[in-house]
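Inside the fold
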Amino acid sequence: MQSLKAQILEILSEDCRIPMERIAVMCGCDLSQVAQAIEELEQDRVILQYSPIINWDRTDKERVEAMIEVKVTPQRDVGFDAIAGRIYRFDEVKSVFLMSGSYDLLVLVEARTLKELAFFVSEKLSTLDSVTGTSTCFVLKRYKQDGVVFVGETADKRMAVSP
């Protein structure tokens, strides 16, 4: 059987707006136990933030997103951590991942315009000492993110029941 914390994490990963009272019912425990478990998960930095998934294409906000494959030279005694730390401090950077394969870091970035994003890559990212190469891929359309489908599939998927 899953621990209470594991159950809570599963529930919150599906919908972080579920009230604690409902989580307690779903887990078959007291509200105070759920509150304590969530507080511990937050203090231990297991839960870092509660965040919605937003379909920005349905808003009037102008934005350009890209995924940048970055090849770097790891530094002595700190490996990839030091260069990753320098990269994730830029405002344009939304996520940084250490990867296996043909490149070292995957950097997800966002800027208001293509020109701003190009400036970030050419003047900020590629000029860092440890960066030996970049390859930029622009996000053209988002179909699914974190298990949420963005296009189509808006109809009720329940099976029709007829008398």
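Structure first, text after, so check above.
The present account deals with the structure reproduced in this document.

Conventions and cut-offs
- Residues numbered from 1 in each chain as written.
- Predicted model: local features only at pLDDT ≥ 70, side-chain atom pairs only at ≥ 80, totals over all residues.
- Heavy atoms only, no water.
- Helix = DSSP H or I, 4+ residues; strand = E, 2+ residues; numbered from the N terminus.
- Buried < 20%, exposed > 50% of the residue type's maximum accessible area, 1.4 Å probe, protein only.
- Phe/Tyr/Trp six-rings, centres within 6.5 Å; stacked < 30°, edge-to-face > 60°.
- Lys NZ or Arg CZ within 6 Å of the ring centre and 35° of its normal.
- Pairing = 2+ DSSP bridges.
- Axes fitted to C-alpha atoms, helices over the stretch in contact; angles between N-to-C directions.
- Contact = heavy atoms within 4.5 Å.

What follows is about unusual backbone geometry. In the Ramachandran plot, Arg45 falls in the positive-phi region, its phi being about 60° despite a non-glycine side chain. Position of Arg45 among the secondary structure elements: in the loop between α3 (31-43) and β1 (64-72). Despite not being glycine, Asp146 has its phi angle at roughly 50°, a positive value. Looking at the secondary structure, you find Asp146 in the loop between β5 (144-145) and β6 (148-149). The class for Asp146 is exposed, based on a relative accessible area of 64%.

Applying the stated criterion across every chain yields a total of one aromatic pair. Seen from their ring centres, Phe90 and Phe120 are 5.5 Å apart, and the 80° between their planes marks the pair as edge-to-face. Highlighted residues: Phe90 in the loop between α4 (81-88) and β2 (93-98) and Phe120 in helix α5 (residues 114-125), separated in sequence by 30 residues. Relative accessible area serves as the criterion here: at 1%, Phe120 is assigned to the buried category. Positioned above the aromatic ring of Trp56 is the side chain of Lys61, whose terminal nitrogen or guanidinium carbon lies 4.6 Å from the ring centre. Of note, Arg142 hangs over the ring of Phe150, and the distance from its end group to the ring centre comes to 6.0 Å.

In a beta sheet, neighbouring strands are held together by backbone hydrogen bonds and run either parallel or antiparallel to one another. Strands sit in the order β2-β3-β1-β4 across an open sheet of four strands; the sheet is antiparallel. If you trace the sheet from one side to the other, it starts and ends with β2 and β4 (131-138), each paired once. Neighbour-to-neighbour, the strand axes of the sheet open up by a mean angle of 20°, direction not taken into account. With seven bridges connecting them, β1 and strand β3 (residues 105-111) associate as antiparallel partners. Among the inter-strand pairings, Glu65 is bridged to a residue of β3, identified as Glu110. Against the sheet, α4 touches β1, β2, β3 and β4, its axis set at about 165° to β2.

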